[in-house]
Amino acid sequence: MKLYKIIFIAQFALPMMLLAQEQKDTLAVVVDSVTPAVEVELERAAFESTSLIENQTNRVYSKGTIEMIMNHRFGLVNGSNDMIGIWAPANIRIAVNYSITDRITFGFGTTKDHMLQDFSLKGALLRQTVNGKMPVSVTYYGNATVNASSLSKETFYHTSDRWSFFNQIIIAKRISKTFSLQIAPSYSHYNVVEAPMHNDLFAIQFGGRAKVASDISILLDVNQPITSQDIAPKLGFSIGTEFSTVGHTFQIFVSNYRGIVNQQNNIFNQNDFFSSDWLSGPEFAIGFNISRTW
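Counting of residues starts from 1 at the beginning of each chain's written sequence and follows it residue by residue. Thresholds applied to this predicted model are a pLDDT of at least 70 for local features of residues and 80 or more for the giving and counting of side-chain atom pairs; totals over whole chains, interfaces and linings are not thresholded and use all residues. Calculation of side-chain values draws on the structure's entire complement of heavy atoms; hydrogens and water are dropped beforehand.

Engineer: What is the right way to read the layout of surface pockets from this model?
Structural biologist: Empty space among the atoms becomes apparent when a probe as large as a water molecule is rolled across them. Within this model, the largest pocket holds a volume of roughly 450 Å³. Taken together, 19 residues form the lining of the largest pocket, with Asn-147, Phe-156, Tyr-190, Val-192 and Phe-268 sitting closest to its centre. Listed by contribution, the elements that provide at least two residues to the lining of the largest pocket are β9 (137–147), β10 (163–174) and α2 (262–268). Helix and strand assignments come from DSSP, with helices taken as H or I runs of at least 4 residues and strands as E runs of at least 2, each series counted from the N terminus. For the lining of the largest pocket, the leading source of residues is β9, giving 3 residues. Lys, Arg, Asp and Glu make up the charged group, whereas Ala, Val, Leu, Ile, Met, Phe, Trp, Tyr, Cys and Pro make up the nonpolar group; the residues left over, Gly among them, are polar. A breakdown of the residues in the lining of the largest pocket according to their chemical character gives 10 nonpolar, 6 polar and 3 charged. Cavities and pockets were defined on a 1 Å grid built over protein atoms only: a cavity is a set of grid points that admits a 1.4 Å probe from which the probe cannot escape, a pocket is an open set flanked by protein on both sides within 12 Å along at least five of seven lines, and lining residues are those with an atom within 4 Å of any such point. Grid points are joined across faces, edges and corners, and a volume is the space filled by probe spheres set on the points. Considering only enclosed or pocket space, the second largest pocket measures out at about 340 Å³ in volume. Along its surface, the second largest pocket is lined by 18 residues, and Leu-42, Glu-43, Ala-45, Val-60 and Arg-127 are the ones closest to its centre. For the lining of the second largest pocket, the secondary structure elements donating two or more residues are β8 (116–126) and β9. Of the residues that constitute the lining of the second largest pocket, the class distribution is 7 nonpolar, 5 polar and 6 charged.

Engineer: It is not clear to me how the sheet that holds strand β16 (residues 285–293) should be interpreted in this structure. Could you clarify?
Structural biologist: Across a sheet, paired strands are connected by hydrogen bonds in the backbone, their directions being either parallel or antiparallel. Taken in spatial order, the 12 strands close into a barrel running β5-β6-β7-β8-β9-β10-β11-β12-β13-β14-β15-β16, and their pairing is antiparallel. Adjacent strand axes in the sheet meet at a mean angle of 20° when their direction is disregarded. The sheet contact formed by β9 and β10 spans 10 bridges and is antiparallel. Across the sheet, Ala-144 pairs through a bridge with Phe-165, a residue of β10. Any two strands with at least two DSSP bridges between them are considered paired. What counts as an axis is a line fitted to C-alpha atoms, over the stretch in contact for a helix, and the angles between N-to-C directions run from 0 to 180 degrees.

In structure tokens form, the structure reads like this:
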């Protein structure tokens, strides 16, 4: 447990160092005291949106940008008379993010299921450059989420019992105008879980984007739990299409996640996208994400 606490504190402290740095649109490299500073051109963001279906990307908008987000998940497609999950109960999240600098974004979101209220922080630690001096982008994302549902005191004896946390380091690369990839290790923590679940879980996410037209892309998002659990969470698998315009992105996809907040999916997901059970078949839902910036 001491190791988990050290990692948890270190991941939250890392992006805070950005607050003490001067924010610029370009990186400056001084050759010597005589030669003037050389401006290094930054590579375009690897992804159009701040989200890659169920996970975050390295995208951080410029200072002063406001982003409005709507995440929607229909019910599981189970073959019943619920119009492929569209008539089933849906899960919805509404969120707003604000870029206080070119590298740092704060956000708040509210989710229907369990009345989750999440407070997020995203910071660009390293940014990919055109000349290859910095070959990848490294971005931190984390959230602190409180369960505001009216559960009994037997479930949440203390207010602190309602809190959960998520930390992720996103390593992304824009390989070409067509292809972008990312890998993102993460750490999820719940202050209180029911036995025999454990409070902490490490996972790793793999994602990619392939542009098929100037404003259309194919997206893939795979999230693999690493830490062993007595009730092992299932691998997260999502695939979809993204449509983008200036200031707007729309993603429609299928996913075996029903939650929207990352740590909820990582620890508790029991839907198997690749189920071989001939009775139930694959367990997935149709969803969409909408993002609008000003």
